[in-house]
Amino acid sequence: MARRERREGESRARHCPMDEGGEIAGRCGEEERPEPCKEGSPRWGPQHAGARELAELYSSGKRLQEWICVILCFTFLSYNFYNLLRYFSIEHTTGIAFSIFAGIITADFASGLVHWGADTWGSVDLPIVGKAFIRPFREHHIDPTAITRHDFIETNGDNCMATIVPLALMAYKFTFNSTELIQKTYHMDCFIFALAMFVTLTNQIHKWSHTYFGLPCWVVFLQDWHIILPRKHHRIHHVSPHETYFCITTGWLNYPLEKIGFWMRMEDFIQGLTGEKPRSDDLKWAQKVK
């Protein structure tokens, strides 16, 4: 309890709540936003010194990796989807529905776990993973609309990379296993495919949650019905110091995980074990002024 109270005190002292919508949110007819930051507080957005420095760390090598991962991922997704249709039978229907639901829930939890881990621990200075994978998370908190300026490759490359191995194994099985064996594992394959599909789409869904103009009607419909991550729901995460509501695929698990204090308990455990303070690197970048 004492640690929680100290954390709340630090949250108030560190920097003001992040308002990415600002005037835009008001024009969309949404609720009033918090008062703007007082003079001297960090200024959010692409003009922030830390955001500019982080954006410059995006390299041509990283871009190449993202292109390769997107091509491989969507090749495997297409091939596996074709084979799932090929081996479909009507008696699979109930199992398929359950498998898809389980895949979505698992993807939502996985998005939260990865998001929490990269937001909370590690540093941009770490070899290889720092600039390649932690950097975007640091940039996102001080320039959350940067993701809306990323193209499809930059937005989805890393998520595509995460799905390549399971999708490749599934493709191998469809190519070389017998029909009988494929039928026995069909529901598991549906689960893996749904999980891979929603993991692949997670950052695109995340991008849509920061986009206030020009979204297709079907995306807005899915957001309004909370089938994918809604914009208002995701704003809760973007109140400094970004310590809650980490799940960004559908966001369905955010409330129950917050109610049981899942992320706070995980942070307390790791901090007690290692002595590392949560989000210290995130704060360092947020406080850069030049």
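Cut-offs applied
Residues numbered from 1 in each chain as written. Predicted model: local features only at pLDDT ≥ 70, side-chain atom pairs only at ≥ 80, totals over all residues. Heavy atoms only, no water. Helix = DSSP H or I, 4+ residues; strand = E, 2+ residues; numbered from the N terminus. Buried < 20%, exposed > 50% of the residue type's maximum accessible area, 1.4 Å probe, protein only. Contact = heavy atoms within 4.5 Å. Areas by Shrake-Rupley, 256 points an atom, 1.4 Å probe, with all protein chains shown as cover. Phe/Tyr/Trp six-rings, centres within 6.5 Å; stacked < 30°, edge-to-face > 60°. Axes fitted to C-alpha atoms, helices over the stretch in contact; angles between N-to-C directions. Left-handed = near helix turned anticlockwise from the far one by under 90°. Nonpolar A, V, L, I, M, F, W, Y, C, P; charged D, E, K, R; others polar. Salt bridge = Lys/Arg side-chain N within 4 Å of Asp/Glu carboxyl O.

Student: Quick question: what am I supposed to make of the overall build of the protein chain here?
Tutor: Counting its regular elements, the protein chain contains 14 helices and zero strands. Sequence-ordered secondary structure for the protein chain, helices as α and strands as β, is α-α-α-α-α-α-α-α-α-α-α-α-α-α. Of all 290 residues assigned to the protein chain, the portion counted as buried reaches 47%. In the protein chain, the proportion of contacts linking residues at least 24 apart, taken out of those at least 6 apart, comes to 74%. Per element, the accessible surface of the protein chain, about 15300 Å² overall, is 65% carbon and sulfur.

Student: Help me understand the packing of aromatic side chains in this model?
Tutor: The description of two aromatic rings rests on the distance between their centres and on the angle between their planes. The final tally for this structure, using the stated rule, is 12 aromatic pairs. Summarising the aromatic geometry, the rings of F109 and F262 are spaced 5.9 Å apart at their centres and angled 65° between planes, so their arrangement reads as edge-to-face. Here F109, found in helix α5 (residues 93–120), pairs with F262, found in helix α13 (residues 262–274); they are 153 residues apart in sequence, far enough to count as distant. Given a relative accessible area of 30%, F109 falls into the partly exposed group.

Student: Before we go on, may I ask you to explain the packing of helix α4 (residues 60–86) against helix α9 (residues 186–209) in this structure?
Tutor: The packing of two helices is summarised by the inter-axis angle and the distance between the axes. Orientation of α4 relative to α9, taken along the N-to-C sense of each, is 150°, at an axis distance of 11 Å. Seen from above, α4 lies across α9 with left-handed handedness. For the pair α4 and α9, contact is made by C73, F74, L77, N80, F81 and L84 and by Y186, D189, C190, F193, M197 and T200, respectively. Of the residues assigned to the contact of α4 with α9, the class counts are nine nonpolar, two polar and one charged.

Student: What is the right way to read the pattern of salt bridges from this model?
Tutor: If charged atoms from side chains of opposite charge come close, those side chains can pair. What the rule picks out here adds up to 11 salt bridges. In this structure, R63 engages D151 in a salt bridge whose closest nitrogen and oxygen atoms are separated by 2.5 Å. Taken together, the positions of R63 in helix α4 and D151 in the loop between α6 (129–142) and α7 (152–176) put the pair 88 residues apart, joining distant regions of the chain. R63 sits in the partly exposed class, given a relative accessible area of 22%. Note that D281 is salt-bridged to K284, the shortest N-O span being 3.3 Å. Linking D281 with K284, this pair stays in helix α14 (residues 280–286), spanning three residues, or about one helical turn. Assessed through its relative accessible area of 36%, K284 is described here as partly exposed. Connected through shared salt-bridge partners, D125, R138, D281 and K284 make up one network.

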